[in-house]
Amino acid sequence: MGKNVLVVDDEKLIVKGIRFSLEQDGMNVDCAYDGEEALEAARKKEYDVILLDVMLPKLDGFQVCQQIREFSQMPIIMLTAKGDDMDKILGLEYGADDYITKPFNILEVKARIKAIMRRSGSNKKEKEEEQGKTVSYGQLKVDCEGRRVYIANKEVNLTAKEFDLLELLMFNKNKVYSRENLLNTVWGFDYPGDVRTVDVHIRRLREKIESNPSEPQYIHTKWGVGYFFQD
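To start, this report covers the structure provided alongside it. Just so it is clear, the structure is predicted and the values come from calculations on it, not from any experiment.

Further remarks concern the sheet that holds strand E12 (residues 226-229). The antiparallel open sheet is built from three strands, whose spatial order is E10-E12-E11. This sheet does not close on itself; its edge strands, each paired only once, are strand E10 (177-178) and strand E11 (219-222). Examined bridge by bridge, E11 and E12 share four bridges and lie antiparallel to one another. Bridge pairing in E12 links Thr-221 to Tyr-227. The sheet strands contacting helix H8 (residues 196-209) are E11 and E12, and the helix crosses E11 at an angle near 140°.

Right under this line is the structure:
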C-alpha cells in the first residue's frame, strides 16, 4: 500500500513536478496551495509525510506547522527559499522534523521523504516493547503508547521530536548522551542540521515539562558532555 504525502506550495508548477515524481515511486499524493487548505487536508487525513512550503497565502508554513502539532505528530518537512539558519531553526521550533532549502533537487526531496518514512517505521518497531507502558516520575507521567505527556495530570503538547528525546533519555536514565549522539539517534545520520537543533528541542522540552527550566528536575546538563534524565 502506497504512502500518503501532502505537498503544500502556492507555486503550482513545483507542486505538479513533486507530485509526478512521487507518484512514479508509488506514493499517494494530495496537494494544497495555501495554508488554510493545507490545515484542512491535515485534519481530514493522516499523512506519512507533509511537504510544507514556508511562504504561503492565508497562513504561512510556520503557522500551519504549529497548528498541525496541536492535533497530530505526522512528520513535516519545511520548504524554505531562505538559507538563513534562524529560519530553519524557527521551523524546527514550531515542530517541523526536517527542512529543505529551495531551489532543491527532486532526488534530494525524495531521499529526505524516504529517510523520514524509514525512521518513522523503525521507531515504531523499536517502541513495540515499550508500548502500553505508562511511566511516572514525580508529577511527570508519560503514556508511551498514546505518546502523551502529563504534568500534574494536565496534558502538555510535545512535538514528535520532543517526545522522542524525552522517551530516549527517560528509558536510559542517568546515561549521558552527547548532542551529536542525540542528533544521530533521534534525527538520523542523514539529517543535514547541526547540534543546535538538539539544544533548541531540549530547551523547549524543559519549558514544557519543568516547573523551573533553569533548574531542571528531569532533563539535566552534563557540562561539556551532553544531556541526561534523572528524576
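So, about the sheet that holds strand E8 (residues 148-151). An order of E6-E7-E8-E9 is seen for the four strands of this open sheet, with the pairing classed as antiparallel. Single-partner strands in this sheet number two, and they are strand E6 (134-137) and strand E9 (154-156). Strand-to-strand twist in this sheet, taken as the mean axis angle between neighbours without regard to direction, amounts to 25°. Both E8 and E9 contribute to a ladder of three bridges, which runs antiparallel. Opposite Tyr-150, over in E9, you have Glu-155 as the bridge partner. Of the strands in this sheet, E6, strand E7 (140-143) and E8 are in contact with helix H6 (residues 160-170), which crosses E7 at around 105°.

Looking at where Asp-98 falls in the secondary structure, it is placed in strand E5 (residues 98-101). Among residues more than four places away in sequence, those in contact with Asp-98 are Ile-76, Ile-77, Met-78, Leu-92, Arg-112, Ile-116, Tyr-191 and Pro-192.

Time to look at the nonpolar core. With 52 residues, the main nonpolar core has Ile-50 and Ile-209 as its most contacted residues. Per-element accounting of this core gives the leading share, six residues, to H6. Setting aside anything within four residues of it in sequence, one finds Ile-209 in contact with Val-149, Ile-151, Val-156, Leu-158, Leu-166, Tyr-218 and Ile-219.

This part takes up helix H7 (residues 179-187). Every buried residue of H7 is accounted for by Leu-182, Leu-183, Val-186 and Trp-187. Looking straight down H7, one finds its buried side chains confined to an arc of 100°; they lie on one side.

For the coordinates displayed, the defined rule picks out two aromatic pairs. Note on Tyr-218 and Phe-229: the rings are 6.0 Å apart at their centroids and 15° apart in plane angle, and the pair reads as stacked. In this pair, Tyr-218 is assigned in the loop between H8 and E11 and Phe-229 in strand E12, connecting sequence segments 11 residues apart. You'll find Tyr-218 and Phe-229 in the same group, each marked buried.

Of all five residues making up strand E4 (residues 76-80), five are buried, and the element is well covered by its neighbours. Side-chain alternation along E4 places Ile-76, Met-78 and Thr-80 on one buried face and Ile-77 and Leu-79 on a second face that is also buried. Where strand E3 (residues 49-53) meets E4, four bridges bridge the pair, whose relative direction is parallel. What sits directly across from Asp-53, in E4, is Leu-79. The β-α-β motif built from E3, the intervening helix H3 (residues 61-68) and the parallel element E4 has right-handed crossover chirality. Note that E4 and E5 share four bridges and pair parallel. The residue bridging Met-78 from the neighbouring strand is Tyr-99, located in E5.

Cut-offs applied
- Residues numbered from 1 in each chain as written.
- Predicted model: local features only at pLDDT ≥ 70, side-chain atom pairs only at ≥ 80, totals over all residues.
- Heavy atoms only, no water.
- Pairing = 2+ DSSP bridges.
- Helix = DSSP H or I, 4+ residues; strand = E, 2+ residues; numbered from the N terminus.
- Contact = heavy atoms within 4.5 Å.
- Axes fitted to C-alpha atoms, helices over the stretch in contact; angles between N-to-C directions.
- Core = buried A, V, L, I, M, F, W, Y, C linked by side-chain atoms within 4.5 Å.
- Buried < 20%, exposed > 50% of the residue type's maximum accessible area, 1.4 Å probe, protein only.
- Arc of directions from axis to C-beta.
- Phe/Tyr/Trp six-rings, centres within 6.5 Å; stacked < 30°, edge-to-face > 60°.
- Right-handed = clockwise from strand over helix to strand, strands pointing away.

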